[in-house]
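Overview (structure and organization)
Below, each chain spelled out in residue letters.
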Amino acid sequence: MNFKIALIKGDGIGPEVVGEAVKVLEAVGKKFGHRFTFVDVLLGGCATDAVGKSYPDGTAEKCNACDAVLLGAVGGPKWGSDKPAEQRPETALLAIRKDLGLYANLRPAFLRPALAGACPLKQETAEKGIDLMMVRELTGGIYFGKRDRYQTEDRGVECTDLMAYSEREIERIGRRAFELARLRRKKVSSVDKANVLETSRLWRSVMRRLSEEYPDVQYEDILVDNCAMQLVRDPGQFDVVVTENMFGDILSDEASMVTGSIGLLPSASVGDSAPGLYEPIHGSAPDIAGQDKANPIATILSVAMMFRYSFHLSDEADAIEAAVDRVLGEGWRTPDIAGPGVAPIGTRQMGDLICQAI
Ligand code: IPM
Ligand code: MG
């Protein structure tokens, strides 16, 4: 088959890790008989430097003309929160999620067998395994609500960020979670703060109603503070975890940390029709950019998710994941996961080894 893929290389280590992922795409294409056309799309701090804004006009249109989008990383201290919104990379990230209708963010946290030792939890906890899928609502809630900043007479400056959710928004993300659970261990944990927030009370009632349509899937609701605790106490209990945008932002970082390396975790952001967007969950790591030190595995595994969720080609996805496990199983490590006494390899060599294993 022929696929057209938008490449948002972005900032920091973004171009390096995308470079390795492209090599992997070519290796998969060779093995399975697919061809790829790549379209470079400028977004992030590099776009601010080039054209004065982080989200150049026509970005969404360019991406929409492709079958999928692969993003490296955006951001860096150069374009910090003191800069105007249109120059900040984060603004561009939120805009593209919204414009492409990518309301479902899938963030798997999986403890790869070869890296069980990297798990910071107690050994008996790690031995139970960690294999959960965080399903984060990505285009609603406090991230996109009305914001305000105003001067009061007696309390100085005051600000508000509005968190709003509609039944429709909750239902569509809920369905994604239940459908995904059916392909996994058939359990959904819905995270909310229904003891305090009205949006959470609506969230919980919609999720409970949906759960009745999926009697084959075990359902529970869990308060967000308890979930944060359970993720470090016993992450093995979770299969699919579904939650609103900001809770998902926070909990997905926590979930990634318990698996040992943020450099290994991919993500997929998908909607109902538009191309999906695939990106590692790590950031742009400007401190190691351009030094052949970054771990390309999270981006390479994002390509596996692209095959699975956008192209519906699971053999290709399996081949990439198996190649990663094989290379890790042979003991090859980039600096972030090398540990004491292990000589690390570089970004490019890691990419080459994974291509060979494919
Ligand atoms: C993420 C990031 C973004 C988010 C930032 C960079 C805006 O933390 O993808 O989790 O909060 O969504
Ligand atoms: Mg985050």
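Residues numbered from 1 in each chain as written. Chains lettered and ligands numbered in written order. Predicted model: local features only at pLDDT ≥ 70, side-chain atom pairs only at ≥ 80, totals over all residues. Heavy atoms only, no water.

Some points on the site of ligand 1
In the vicinity of ligand 1, the residues found are Glu 90, Leu 93, Arg 97, Arg 107, Arg 136, Tyr 143 and Asp 249. One nitrogen or oxygen atom from the side chain of Arg 97 is found 2.7 Å from an oxygen atom belonging to ligand 1. Between Asp 249 and ligand 1, the recorded distance is 2.9 Å, taken from a side-chain N or O atom to an oxygen atom. Considering ligand 1 on its own, with 320 Å² of exposed area, one finds that the protein chains cover 71% of that surface. The biggest single contributor to the shell around ligand 1 is helix H4 (residues 89-99), with three residues. (Near = heavy atom within 4 Å. Polar contact = N/O pair within 3.5 Å; in protein donor to acceptor, adjacent residues only side chain to side chain. Areas by Shrake-Rupley, 256 points an atom, 1.4 Å probe, with all protein chains shown as cover. Helix = DSSP H or I, 4+ residues; strand = E, 2+ residues; numbered from the N terminus.)

Remarks on the packing of helix H10 (residues 297-310) against helix H11 (residues 314-329)
Across the interface, H10 lies against H11 with an axial gap of 7 Å and an inter-helix angle of 160 degrees. For the element pair H10 / H11, the angle class is roughly antiparallel. In this structure, H10 meets H11 at a crossing whose hand is left-handed. The segment H10 lies against H11, with Ile 297, Ile 300, Leu 301, Val 303, Ala 304, Phe 307 and Arg 308 engaging Ser 314, Glu 316, Ala 317, Asp 318, Ile 320, Glu 321, Val 324 and Leu 328. Its residues assigned to classes, the contact of H10 with H11 comprises ten nonpolar, one polar and four charged. (Axes fitted to C-alpha atoms, helices over the stretch in contact; angles between N-to-C directions. Parallel < 35°, antiparallel > 145°, perpendicular 65-115°, else oblique. Left-handed = near helix turned anticlockwise from the far one by under 90°. Contact = heavy atoms within 4.5 Å. Nonpolar A, V, L, I, M, F, W, Y, C, P; charged D, E, K, R; others polar.)

Focus: the environment of Ala 285
One can find Ala 285 in the loop between strand S12 (276-280) and H10. Spatially, the C-alpha atom of Ala 285 lies 20 Å from that of Ala 109, the residues being 176 residues apart in sequence.

What to know about the side chain of Asp 239
Looking at the element boundaries, Asp 239 is found in the loop between helix H8 (224-233) and strand S10 (240-243). Look at Asp 239 and you get buried, because its relative accessible area is 1%. Among the polar contacts made by the side chain of Asp 239, one reaches the main-chain amide nitrogen of Arg 185 at a distance of 2.9 Å. One polar contact links the side chain of Asp 239 to the main-chain amide nitrogen of Lys 186, over a distance of 3.0 Å. Beyond its immediate sequence surroundings of up to four residues, Asp 239 is in contact with Asp 131, Leu 132, Met 133, Ala 181, Arg 184, Arg 185, Lys 186 and Lys 187. (Buried < 20%, exposed > 50% of the residue type's maximum accessible area, 1.4 Å probe, protein only.)

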